[in-house]
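# Structural overview for review
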Amino acid sequence: MTLALELVTTVEDFERLRPTWNELAERMEFPEIFYRWEWSFLFFRHCRPDDELFIVVAREAPGGAVAAIAPLCIRRTRSLGIAVKVAETIVAGLADYQNILVREGIHRGRAVDAILAFLADRADRWDVLDLQQFCSRDPTTFQMVNAAQSRHDWTVRTHILTPVAVRDLRPGHATEDVGRLRRVRSRLAALQARGGDLRLSCEDFAADWPTFRALHVSTWPGSPLGRDKEGKFFDALVASEGMREHLDLSLLLLDGRVAAGHFGFVDARKAYYYMPARDRSFHNERVGAALLFALVQHHARWRTSFDFMRTLGRYKSWYTDTIDVNLRVVIYRNSSVRALAYGIFDVTRRFLLELGLPRALLRRLGRGRS
């Protein structure tokens, strides 16, 4: 059966997709909280005011059930002085996972082939497809790479971005560093003996959210919660009806103060470790490690996995040795001078990084070309 494809370019049409989008996200074989409509819609509204919607929707028949969605937008940038149109996922940076969303039961290869063919037919609208945070655990990632590489008029580059760790919460299914976790358990017990107050999955999220937000900005001066656009996005996200049952906020109070906190997400099967924070004056008390241990134990009562997500701090590997990776997939049109300009800068940057050029200098170079 041939899929019917359509392009969504207006906010009004994007808004009307909400129920079918979320139904699709919930019926994927590898669903993620970041795939929900609220993430993409609110992020576009608050953080991408100058970009263009470029959402590809695949249906089983014209006007029929949605089979797949490519949540894309067009960003205009400059590389080596040349204007470049970059098609990328709507949520950039703040979402740990992105992908082409394919409903369970739909052949991934067929859906991805159809979407890439649709994009190829509209090659005048974009110069580069730059897709980031596509996780190796979802086969859709590799179906997309394979389909893109089969096109003779495209060049495809894949890069490993970050490792991601997931602990299986079912008894006996995780291989853990028993000795280290025993010490963390003892630290948690000692803090509770001192009067430490654990508040896991706080019931009054609205009342505790401002406290956590202030703590996170204090812990991490570069926190997105302290920036204008991203801060408004998160306030809208946590206030949205569609995310209400998926929010998870926990606090550890010590000596009458909030010593550590965590803001994350939950669904029926998984807990997401997203934004940890701690009062630095409690550094020697290891309050962050104690709260994390309590979170893992707490969610093991209802869920089957605990997702540590991007970056692999050593403490995360204490809980699991199951590691996936997030990939960046960059697709260049061979006939495009603009794509060549974008690719040359990117390849040169990666080469200099591998030679040991400091990352801070590379970031300066990157800002200089934008």
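Before any of the text, the structure's been laid out above.
A brief report on the enclosed structure follows. Nothing here was measured: the structure is a model prediction, and the numbers come from that model.

### Let's talk about a positive patch on the surface
Taken together, the side chains of Arg 182, Arg 183, Arg 185 and Arg 286 make up a positively charged region of the molecular surface. Within the fold, Arg 185 resides in helix H6 (residues 178–193).

### Notes on the nonpolar core
By size, the foremost hydrophobic cluster in this structure holds 50 residues, and its most contacted members are Phe 14, Phe 34, Trp 39, Phe 234, Phe 263, Phe 265 and Tyr 274. Ranked by residues supplied to this core, first place goes to helix H3 (residues 37–47) with seven residues. By size, the runner-up hydrophobic cluster in this structure holds 33 residues, among which are Leu 3, Val 56, Val 102 and Leu 116.

### A closer look at the layout of surface pockets
Volume-wise, the second largest pocket comes out at about 250 Å³. Taken together, the elements giving at least two residues each to the lining of the second largest pocket come down to helix H8 (228–239), strand E11 (247–254) and helix H9 (287–299). Here the element with the most residues in the lining of the second largest pocket is E11; it accounts for three residues. Each residue belonging to the lining of the second largest pocket can be placed in one class, and the counts come to eight nonpolar, three polar and five charged.

### Observations concerning empty space enclosed by the protein
Sizing a probe to match a water molecule and rolling it over the atoms shows the empty space that remains. The final tally for this structure, using the stated rule, is three cavities of 30 Å³ or more. When its volume is computed, the largest cavity comes out at roughly 60 Å³. Around the largest cavity, the lining residues are Ala 70, Pro 71, Leu 72, Thr 89, Ile 100, Ile 115, Leu 116, Leu 119, Leu 129, Leu 131, Phe 134 and Met 144. Those elements that provide at least two residues to the lining of the largest cavity are helix H4 (108–121) and strand E8 (128–135). Of the residues assigned to the lining of the largest cavity, the class counts are eleven nonpolar, one polar and no charged.

### Side note on the side chain of Arg 328
Note on placement: Arg 328 falls in strand E15 (residues 323–333). Within the local environment of Arg 328, its side chain forms a polar contact with the side chain of Asp 130, the two groups lying 2.7 Å apart. Leave out the neighbours within four places in its chain, and Arg 328 touches Asp 130, Leu 131, Gln 132, Arg 157, Thr 158, His 159, Leu 161, Tyr 342 and Asp 346.

### Observations regarding the packing of H3 against H8
Look at H3 against H8: their axes get within 9 Å of each other, and the N-to-C directions meet at 145°. Pair H3 / H8 crosses with right-handed handedness. Of H8, the residues touching H3 (which contributes Glu 38, Trp 39, Leu 42, Phe 43, His 46 and Cys 47) are Lys 229, Glu 230, Lys 232, Phe 233, Phe 234, Ala 236 and Leu 237. Along the lines of polarity and charge, the residues of the contact of H3 with H8 split into eight nonpolar, one polar and four charged.

### Quick word on the pattern of salt bridges
One pass over the full model with this rule turns up 33 salt bridges. The salt bridge partner of Glu 26 is Arg 36, with a shortest N-O separation of 3.0 Å. One end of the pair, Glu 26, is in helix H2 (residues 18–26); the other, Arg 36, is in the loop between H2 and H3, with ten residues separating them in the sequence. Using a relative accessible area of 8% as the deciding quantity, one classes Arg 36 as buried. Ionic pairing is found between Asp 235 and Arg 213, a salt bridge with its closest N-O pair at 2.5 Å. Pair noted here: Asp 235 is in helix H8 and Arg 213 is in helix H7 (residues 205–219), with a separation of 22 residues, a long-range link. Under the relative-accessibility criterion, Asp 235 is labelled partly exposed at 31%.

### Comments concerning the packing of aromatic side chains
Under the criterion given, the structure shown has 30 aromatic pairs. Between Phe 34 and Trp 39, the ring centres sit 4.9 Å apart and the planes meet at 75°, which makes this aromatic pair edge-to-face. Across this residue pair, the class does not change: Phe 34 and Trp 39 are buried. Seen from their ring centres, Tyr 273 and Phe 306 are 6.0 Å apart, and the 40° between their planes marks the pair as tilted. With Tyr 273 in strand E13 (residues 270–278) and Phe 306 in strand E14 (residues 305–310), this residue pair connects regions lying 33 residues apart in the sequence. Exposure remark for Tyr 273: the relative accessible area of 8% places this residue in the buried category. We note Arg 122 situated over the ring of Phe 118; from NZ or CZ to the ring centre the distance is 3.6 Å. The positively charged end of Arg 333 is found above the aromatic ring belonging to Trp 126, 6.0 Å away from the centroid.

### Some remarks on unusual backbone geometry
A positive phi angle, near 55°, is found at Arg 286, a position not held by glycine. With respect to the element layout, Arg 286 can be found in the loop between E13 and H9. Positive phi outside glycine occurs at Thr 311, with the angle close to 70°.

### With respect to the sheet that holds strand E7 (residues 101–102)
Spatially, E1-E3-E4-E7 is the arrangement adopted by the four strands of the open sheet, whose pairing is antiparallel. If you trace the sheet from one side to the other, it starts and ends with strand E1 (4–8) and E7, each paired once. Taken together, the five bridges between E1 and strand E3 (residues 55–59) define a ladder with antiparallel strand orientation. Looking at the pairing, Ala 4 lines up with Arg 59 of E3.

### Some points on the environment of Ala 207
Following the sequence through the fold, Ala 207 ends up in helix H7. Looking at Ala 207, the relative accessible area reads 46%, which means it is partly exposed. On a C-alpha basis, the gap between Ala 207 and Ala 58 in space is 41 Å, while along the polypeptide they are 149 residues apart.

Definitions and cut-offs
- Residues numbered from 1 in each chain as written.
- Predicted model: local features only at pLDDT ≥ 70, side-chain atom pairs only at ≥ 80, totals over all residues.
- Heavy atoms only, no water.
- Patch = residues over 30% accessible without salt bridge, like charges linked within 9 Å, V, L, I, M, F, W, Y side chains within 5 Å.
- Areas by Shrake-Rupley, 256 points an atom, 1.4 Å probe, with all protein chains shown as cover.
- Salt bridge = Lys/Arg side-chain N within 4 Å of Asp/Glu carboxyl O.
- Lys, Arg positive; Asp, Glu negative; His and termini not counted.
- Charge placed at Lys NZ, Arg CZ, Asp CG, Glu CD.
- Helix = DSSP H or I, 4+ residues; strand = E, 2+ residues; numbered from the N terminus.
- Core = buried A, V, L, I, M, F, W, Y, C linked by side-chain atoms within 4.5 Å.
- Buried < 20%, exposed > 50% of the residue type's maximum accessible area, 1.4 Å probe, protein only.
- 1 Å grid on protein atoms, 1.4 Å probe; cavity = no way out; pocket = protein on both sides within 12 Å on 5 of 7 lines; lining within 4 Å.
- Points joined across faces, edges and corners; volume = space filled by probe spheres on them.
- Nonpolar A, V, L, I, M, F, W, Y, C, P; charged D, E, K, R; others polar.
- Polar contact = N/O pair within 3.5 Å; in protein donor to acceptor, adjacent residues only side chain to side chain.
- Contact = heavy atoms within 4.5 Å.
- Axes fitted to C-alpha atoms, helices over the stretch in contact; angles between N-to-C directions.
- Left-handed = near helix turned anticlockwise from the far one by under 90°.
- Phe/Tyr/Trp six-rings, centres within 6.5 Å; stacked < 30°, edge-to-face > 60°.
- Lys NZ or Arg CZ within 6 Å of the ring centre and 35° of its normal.
- Pairing = 2+ DSSP bridges.

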